[in-house]
Amino acid sequence: MSISLQKGQKVSLTKENAGLKKIVVGLGWDEAQKSGGFLSSLFGSSGGESNIDCDASAFLLQNGKLVYKDDVVYYGNLRHKSGTVIHMGDNLTGAGEGDDEQITIDLANVPADYDRIVIVVNIYQAVQRRQEFGMIRNAFIRLVDASNNKEILKYNLTENYAGMTAMIFGEVYRHNGEWKFSAVGQGTTDASLGELANRYL
C-alpha cells in the first residue's frame, strides 16, 4: 500500500519495507494549460521555446555537504562513480503519463561516506525562457521498489510555486543504519543546477 506524504513528512524506507535494496525515484510534472489571447501573445515566449524542460538531478552528500563535482548525477553525468545512483535519461517536455524522469538508487550499496541523497528539479534556462514553476502542475515524486515495481510512497507538490525556478523535491537519507525519505517540497529561485548545488557546499 503506497503512502501519500505531505510536505515535511518523513518515513522510514528500509524499516517499513523489509529487504528493500534498490529504489526507483520517479518524478513527474505537466505543463499548465496556456491561456490564449492578446496578453499571452504579448508577454509569452514565441516560437519553439514554449515547452518547459524540467531536469531532475541527485546530489550525493557527505555529512550534509556536496564534496565533489561528480557527486551530482544529472543529464550530463548519468551515472555516479560508485554505480549506485543512475539517472535514466532526460525528458525534454514533461509530456505523457507517469514518471517524466527516473533516478535509481541502490540503497544496499551506496558507499558509507554518503549520508544523504537530495532529489532536485530545475527548469532548464528558466530565466532566458521566462519560465517558472507557476506554469507547472501535477508535480510529484514517488519511490518504487525496483525488485517488484511496487510504489512505496508518493508526494504530490500542491503548494503555489509561482516565481520559483527550481525545486528541492525530497531527500533519501541514512539515519541510525536505516534509509528514510523526507518530503521537502522547497521552491527556490536558483537559475541553474550549479546555483542549486551551491546550497550544499
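Residues numbered from 1 in each chain as written. Predicted model: local features only at pLDDT ≥ 70, side-chain atom pairs only at ≥ 80, totals over all residues. Heavy atoms only, no water.

Explain the sheet that holds strand β12 (residues 178-188) to me, and be specific about the residues and the numbers.
Strands pair in a sheet through their backbones, by hydrogen bonds, and they do so in one of two ways: parallel or antiparallel. The strand order across the open sheet formed by six strands is β2-β12-β11-β8-β4-β5, and the pairing between neighbours is antiparallel. Two strands bound the open sheet, and with one partner strand each, they are β2 (10-12) and β5 (72-73). Where strand β11 (residues 166-175) and β12 come together, nine bridges link them in antiparallel fashion. The residue bridging Arg-174 from the neighbouring strand is Trp-179, located in β12. (Pairing = 2+ DSSP bridges. Helix = DSSP H or I, 4+ residues; strand = E, 2+ residues; numbered from the N terminus.)

Quick rundown of the layout of surface pockets? Include the residues and the values.
There is about 290 Å³ of room inside the second largest pocket. Around the second largest pocket sit 18 residues that line it, and Val-72, Tyr-74, Leu-193, Gly-194 and Ala-197 are the ones nearest its centre. Looking at the lining of the second largest pocket, the elements that each hand over two or more residues are β8 (116-123) and α3 (193-198). Considering each element in turn, the lining of the second largest pocket owes the most residues, three residues, to α3. For the lining of the second largest pocket, the class distribution of residues is 12 nonpolar, four polar and two charged. (1 Å grid on protein atoms, 1.4 Å probe; cavity = no way out; pocket = protein on both sides within 12 Å on 5 of 7 lines; lining within 4 Å. Points joined across faces, edges and corners; volume = space filled by probe spheres on them. Nonpolar A, V, L, I, M, F, W, Y, C, P; charged D, E, K, R; others polar.)

Break down the sheet that holds strand β9 (residues 136-145) for me, with residues and values.
On the basis of which strands lie adjacent, the open sheet formed by six strands has the order β1-β10-β9-β3-β7-β6 and mixed pairing. Each edge of the open sheet carries a strand with a single partner, namely β1 (3-5) and β6 (85-87). With direction set aside, neighbouring strand axes in the sheet form an average angle of 20 degrees. As paired strands, β9 and strand β10 (residues 150-156) are joined by six bridges and run antiparallel to one another. By the bridge assignment for β10, Leu-143 is matched with Leu-153. (Axes fitted to C-alpha atoms, helices over the stretch in contact; angles between N-to-C directions.)

Please give an account of the pairing of β9 that cites residues and values.
Most of β9 sits inside the fold, with seven of its 10 residues counted as buried. In terms of strand pairing, strand β3 (residues 22-31) meets β9 through eight bridges, oriented antiparallel. From the neighbouring strand, Val-24 faces β9, where its bridge partner is Val-144. Between β9 and β10, which pair antiparallel in sequence order, lie four residues; one of them, Asn-149, sits at a positive phi of approximately 60 degrees. (Buried < 20%, exposed > 50% of the residue type's maximum accessible area, 1.4 Å probe, protein only.)

Go over the environment of Ile-168, please, and point to the residues and values.
Here Ile-168 lies in strand β11. Assessed through its relative accessible area of 3%, Ile-168 is described here as buried. Between the C-alpha atom of Ile-168 and that of Val-118, which follows or precedes it by 50 residues, the distance is 7.4 Å. Apart from residues no more than four positions distant in its own chain, Ile-168 is found in contact with Val-118, Ile-119, Val-120, Val-184, Gly-185, Gln-186, Thr-188, Leu-196, Arg-199 and Tyr-200. (Contact = heavy atoms within 4.5 Å.)

A description of the pairing of β3 should follow, citing residues and the corresponding values.
Of all 10 residues in β3, eight are buried; the element is thus mostly enclosed. Taken together, the six bridges between β3 and strand β7 (residues 101-106) define a ladder with antiparallel strand orientation. Directly across from Gly-26, in β7, lies its bridge partner Gln-102.

Describe the pattern of salt bridges, with residues and values.
Here the structure, examined in full by the defined rule, presents seven salt bridges. One salt bridge in this structure joins Lys-7 and Glu-159, with 3.3 Å as the shortest N-O distance. In this pair, Lys-7 sits in the loop between β1 and β2 while Glu-159 sits in the loop between β10 and β11, placing the two residues 152 residues apart along the sequence. Look at Glu-159 and you get partly exposed, because its relative accessible area is 41%. Notably, a salt bridge pairs Lys-81 with Asp-71, separated by 3.8 Å at the nearest N-O pair. Of this pair, Lys-81 sits in the loop between β5 and β6 while Asp-71 sits in the loop between β4 (54-61) and β5; the two residues are 10 residues apart in sequence, bridging distant segments of the chain. Connected via shared salt-bridge partners are Asp-70, Asp-71 and Lys-81. (Salt bridge = Lys/Arg side-chain N within 4 Å of Asp/Glu carboxyl O.)

No statement about biological role is implied by the geometric values presented.
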